[in-house]
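# Observations on the three-dimensional arrangement
The chain contents come next:
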Amino acid sequence: MAGGAFVLPKARPKGPPYFSRNQVAQALHQVAVLLELNGANVFRVRSYQNASRMLGGLTQDLGELVASGELFELKGIGKGLGSALSQAIGEGRWPDDWIALHTDTPEGMIEMLGIPGLGPKRIKIMNQELGVDSITTLREAAEDDSIAGLKGFGAKSQQRMLDGIELLARFRSRRRLDIGLKYGEAFEQRISKIPGVQKAQLAGSARRRKDTIGDLDLVVAVDDSDKESVSNAILQLPGIADIKGAGDSKISLILDTSIFDENFSIGHIDTNVLDAIGGDDYEQLEAGGTIDAQVRLVSLEVFPFTLAYFTGSKEHNIAMRQRAIDRGLRLSEFGLIPEKDAGDLKGMAAAKYSLSAIDENEIYQHLDLDWVTPELREDTGEILAAQSEELPNLIVQSDIRGSLHNHTTLSDGEASLEQMADAARKIGWNWLGLADHSPSLKIANGANAEDLLAQGELIKRYNSEWASEGVDFRLFHGVESDILEGGKLDHPDDILSQLDYTVASVHAMNKWKGRDEQTNTEELMRCIDHPSTTILGHPTGRILQGRDGYEVDMFAIIEYMAEYNKNGEMKAVELNASPYRLDLDWRLCKFAKTNNVPIIINPDAHSIRGLADIAYGVMAARKGWLESGDVLNSLSGDDLATLLK
DNA sequence: GCCGTTTTCGGCCCGACTGTTTTCAGTCG
């Protein structure tokens, strides 16, 4: 939780419900972490984590669930959590022991969890024995050699903590998807070329296309006889900054930018946004920096099992394992082994009894499931869907026929209208929407009404030219209007009504981040009420690894937009495809879909190259269960024109 | 703290690696 303080969310002034879904999920997550640090039973901790995750993805109204008592029927909510949450949501008071955990646990102990190799147990011991309660006091204790003397600790772990503190200071723990994928693909290619390597494939959160990547997982198939030479060759590859560990089957590394053949550069984002998140510092961190990588060496027969296992997620794997157990099988990274054959054998020793599978598909078949595409493996309903042949037919990039939020030189874009249109045609799109910034956003050279309308005339001229030439391409004319005080838009109504559409976005982040969730949510609703508002742009304003978004109840916003759509007035939510944003979050896409709120994937391109960011938007959309029919991007120019009228 | 159609008590996914040990605990994924 970048930048977020570790405090219990404050109750809304009016209630019930006094807390939103997000706030409850956040509180449960924090209590789980604090319980861990206080030495609580690991299964108790897990039930808090499970409840947090389950409630965070819930689609029903939490206030109603509490009022009706249905809260207690949810899987993972029992007597204890049920009554704690009923009190919190119904009366606006968190349980006393949750409050005590927050007041009594030093903030520094939570930060210490970020140090690699250091977990809650040893943090607690150091706290009790040495009074260590922050990264600063930990460094002092390590430097005067008092940690090495503790029982169960030694000189090596003391040094590792010092290294870890150094690492934490220099680099962030996660990398954006685009950067992680670049590292991952470069690493995969280099390993594939090593003699003796039969297969090498990127797994982990990169393969699941999460918006940020913690570390890279590479699964490599190799004969036992080649294991040693391949392992040695991997350790000699360029781009390895450090070797954290190297066993028979697992190599743990830190990669840096020398893994790339060419100069490594990161994508572009608006200058005004970059300034707000630390400018040069952010760019340096992202363009330099390192990423952790784990390599697993296995035989070809075991490869599909290892690939599936390390593609994860943890929650998906747990559910898969449980499904195997229900069928008298034991699933691990080495195979799918009948319990009666496995006996006491563990790991590779039991692998020879495994059911065979030439690929992941056959593993899923053994468990009576359709193959689940990696993006969906988050245990958010995919196993149930795979069981009943109801997995979605996910959108692919070739379904995209255009996008609606793009900039030109009229505001802060680098390319002219003509250049943008030309580029869109070249990548095979049938239409392109231009939505330059509005006047209030001075730093982005927001265009005034006169220039905006002149742009509209130009677009009309080009459109009629293309139509007469029989070219299946057209431009749509919109604006990215800043959302002003009270949810107002940034142009008079008579200007906005002359456009094809309006993307309404928040840019005054400082103001919005200084306010509570309820105020922000209501202000966004007032903006959605405006008849000209067609699309809600980058709905939370987050910058991945840069800044959190402002607080807003997106579930409520989507439900509010759903009402308009039900009544025949189209209100769409943007999935901003910039890898800096990926906002709407993938977790909310399915919620928008089930509420029949259309989604538009927008690259927010500020240059020709920026259009290519659509790829990351499609990845996020797939992760969010979206099919081509759920997004406006798949419409023909004619159908979109009809819809916008 | 949650859960249950062989269960209201005794389980809760499973294995590798590291550093500390002389058989194991902590951490990670």
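The shown structure was predicted, so the numbers you read here are calculated from the model rather than taken from an experiment.

The rules behind each value
- Residues numbered from 1 in each chain as written.
- Chains lettered and ligands numbered in written order.
- Predicted model: local features only at pLDDT ≥ 70, side-chain atom pairs only at ≥ 80, totals over all residues.
- Heavy atoms only, no water.
- Phe/Tyr/Trp six-rings, centres within 6.5 Å; stacked < 30°, edge-to-face > 60°.
- Lys NZ or Arg CZ within 6 Å of the ring centre and 35° of its normal.
- Domains from an automatic or database assignment.
- Contact = heavy atoms within 4.5 Å.
- Buried area = accessible area lost by both parts, 1.4 Å probe.
- Salt bridge = Lys/Arg side-chain N within 4 Å of Asp/Glu carboxyl O.
- Polar contact = N/O pair within 3.5 Å; in protein donor to acceptor, adjacent residues only side chain to side chain.
- Nonpolar A, V, L, I, M, F, W, Y, C, P; charged D, E, K, R; others polar.
- Helix = DSSP H or I, 4+ residues; strand = E, 2+ residues; numbered from the N terminus.
- Expected span 1.5 Å × (residues − 1).
- Buried < 20%, exposed > 50% of the residue type's maximum accessible area, 1.4 Å probe, protein only.
- Near = heavy atom within 4 Å.
- Pairing = 2+ DSSP bridges.
- Axes fitted to C-alpha atoms, helices over the stretch in contact; angles between N-to-C directions.
- Parallel < 35°, antiparallel > 145°, perpendicular 65-115°, else oblique.
- Left-handed = near helix turned anticlockwise from the far one by under 90°.
- Patch = residues over 30% accessible without salt bridge, like charges linked within 9 Å, V, L, I, M, F, W, Y side chains within 5 Å.
- Areas by Shrake-Rupley, 256 points an atom, 1.4 Å probe, with all protein chains shown as cover.
- Lys, Arg positive; Asp, Glu negative; His and termini not counted.
- Charge placed at Lys NZ, Arg CZ, Asp CG, Glu CD.
- Right-handed = clockwise from strand over helix to strand, strands pointing away.

Let's shift gears to the packing of aromatic side chains. For the structure on display, the rule yields 11 aromatic pairs. Clustering of aromatic rings is evident, with ring pairs tying together Phe 19, Tyr 48, Trp 94 and Trp 98. When the ring centre of Phe 310 is taken as origin, the NZ or CZ atom of Arg 296, which lies over that ring, is 3.7 Å away. When the ring centre of Tyr 462 is taken as origin, the NZ or CZ atom of Arg 461, which lies over that ring, is 5.7 Å away.

Attention now goes to the domain arrangement of chain A. Assigned domains within chain A: domain 1 (21-173), domain 2 (175-298), domain 3 (304-387) and domain 4 (397-644). The C-alpha centroid of domain 4 is placed 41 Å from the C-alpha centroid of domain 3. In this complex, domain 3 contributes 8 residues to the contact, which on the side of domain 4 involves 5 residues. Interface area, domain 3 with domain 4, both sides summed: about 600 Å², of which 52% is carbon and sulfur. Together, Glu 375, Leu 376 and Thr 380 form the three largest contributors to the area buried by domain 3 at its contact with domain 4, with a combined 69%. Where domain 3 packs against domain 4, one counts 2 salt bridges. The residue Glu 375 makes a salt bridge to Arg 622 at a minimum N-O spacing of 2.6 Å. Connecting domain 3 to domain 4 are 4 residue pairs in polar contact (both at pLDDT 80 or more). Here the side of domain 3 that touches domain 4 is composed, by residue class, of 2 nonpolar, 3 polar and 3 charged.

Between its first and last C-alpha atoms helix 10 (residues 177-192) spans 22 Å; for 16 residues at 1.5 Å apiece the expected length is 22 Å, and the two agree. Within the span of helix 10, buried status applies to Leu 177, Asp 178, Ile 179, Gly 180, Leu 181, Tyr 183, Gly 184, Ala 186, Phe 187 and Ile 191.

Taken together, 44 residues lie around DNA strand B, and Arg 46, Gly 76, Gly 78, Gly 154 and Arg 321 are the ones closest in. Considering DNA strand B, the proportion of its atoms within 4 Å of the protein that are sugar or phosphate atoms stands at 74%. Within the side chain of Ser 249, one N or O atom sits 3.2 Å away from a phosphate oxygen of DNA strand B. Arg 321 places a side-chain nitrogen or oxygen 2.5 Å from a base oxygen of DNA strand B. At the level of elements, helix 2 (42-56), helix 4 (79-91), helix 7 (120-130), helix 9 (155-170), strand 4 (215-222), strand 5 (240-246) and helix 16 (314-326) are the ones that each hand at least two residues to the surface near DNA strand B.

On to the pattern of salt bridges, then. All told, the structure shown has 29 salt bridges when counted by the stated rule. With a closest N to O distance of 3.7 Å, Lys 571 and Glu 569 form a salt bridge. On the accessibility criterion, Glu 569 (31% relative accessible area) is partly exposed. Among the charged side chains, a salt-bridge network with shared partners connects Asp 211, Arg 542, Asp 585 and Arg 587.

All right, on to the sheet that holds strand 14 (residues 572-576) then. Note on sheets: strands pair through backbone hydrogen bonds, and any given pair is parallel or antiparallel. Strand order in the open sheet formed by 6 strands is 10-11-12-13-14-15, with parallel pairing between adjacent strands. Of all strands in the sheet, those with a lone pairing partner are strand 10 (431-437) and strand 15 (599-602), marking the two edges. In terms of strand pairing, strand 12 (residues 501-505) meets strand 13 (residues 535-536) through 2 bridges, oriented parallel. The partner of Ala 504 across the bridge, within strand 13, is Leu 536. Along the sheet face, helix 22 (residues 449-469) touches strand 10 and strand 11 (474-482) and points at about 160 degrees away from the line of strand 11. Strands in contact with helix 29 (residues 637-644) are strand 10, strand 11 and strand 12; relative to strand 11, the strand with the most contacts, it is inclined by about 40 degrees.

All right, on to the packing of helix 25 (residues 517-529) against helix 26 (residues 554-566) then. Contact pair helix 25 / helix 26: the axes reach a minimum separation of 10 Å and the direction vectors enclose 20 degrees. When the interaxial angle is binned, helix 25 and helix 26 end up roughly parallel. With respect to the hand of their crossing, helix 25 and helix 26 are arranged in right-handed fashion. Across the interface between the two elements, Thr 521, Leu 524, Met 525, Arg 526, Ile 528 and Asp 529 of helix 25 pack against Ala 556, Ile 557, Tyr 560, Met 561 and Tyr 564 of helix 26.

Residue Gly 312 is joined to Ser 313 through a cis peptide bond whose omega torsion reads -10 degrees. The omega angle of the peptide bond from Asp 583 to Leu 584 is 20 degrees, so this bond is cis rather than trans. Here Leu 584 shows up in the loop between strand 14 and helix 27 (586-594). You will see that Asp 145, though not glycine, has its phi angle at about 65 degrees, which is positive. A positive phi is found at Trp 625, a non-glycine position, where the angle reads about 70 degrees. Locating Trp 625 in the fold gives a position in the loop between helix 28 (614-623) and helix 29. A residue is classified by how much of its surface remains accessible, and Trp 625, at 10% relative accessible area, is buried.

What follows covers helix 4. Taking 1.5 Å of rise per residue, the 13 residues of helix 4 would be expected to cover 18 Å, and the 17 Å separating its terminal C-alpha atoms lies within 8% of that figure. Taken together, the buried positions of helix 4 are Leu 81, Gly 82, Ala 84, Leu 85, Ser 86, Ala 88 and Ile 89. Of the surrounding elements, those touching the buried residues of helix 4 are helix 1 (21-37), helix 2, helix 3 (62-68) and helix 5 (96-104). Positive backbone phi, approximately 80 degrees, marks Gly 92, located one or two places after helix 4.

Moving on: a negative patch on the surface. A surface patch of negative charge is lined by Asp 61, Glu 64, Glu 70, Glu 73 and Glu 559. Relative to the helices and strands, Asp 61 resides in the loop between helix 2 and helix 3. Taking relative accessible area as the criterion, Asp 61 reaches 33% and is therefore assigned partly exposed.

Before going further, it helps to examine the pairing of strand 10. Most of strand 10 sits inside the fold, with 7 of its 7 residues counted as buried. Two elements, strand 10 and strand 11, share 7 bridges in a ladder whose sense is parallel. Bridge pairing links Leu 434 to His 477 in strand 11. Regarding topology, helix 22 serves as the crossover connection from strand 10 to the parallel strand 11, and that connection is right-handed.

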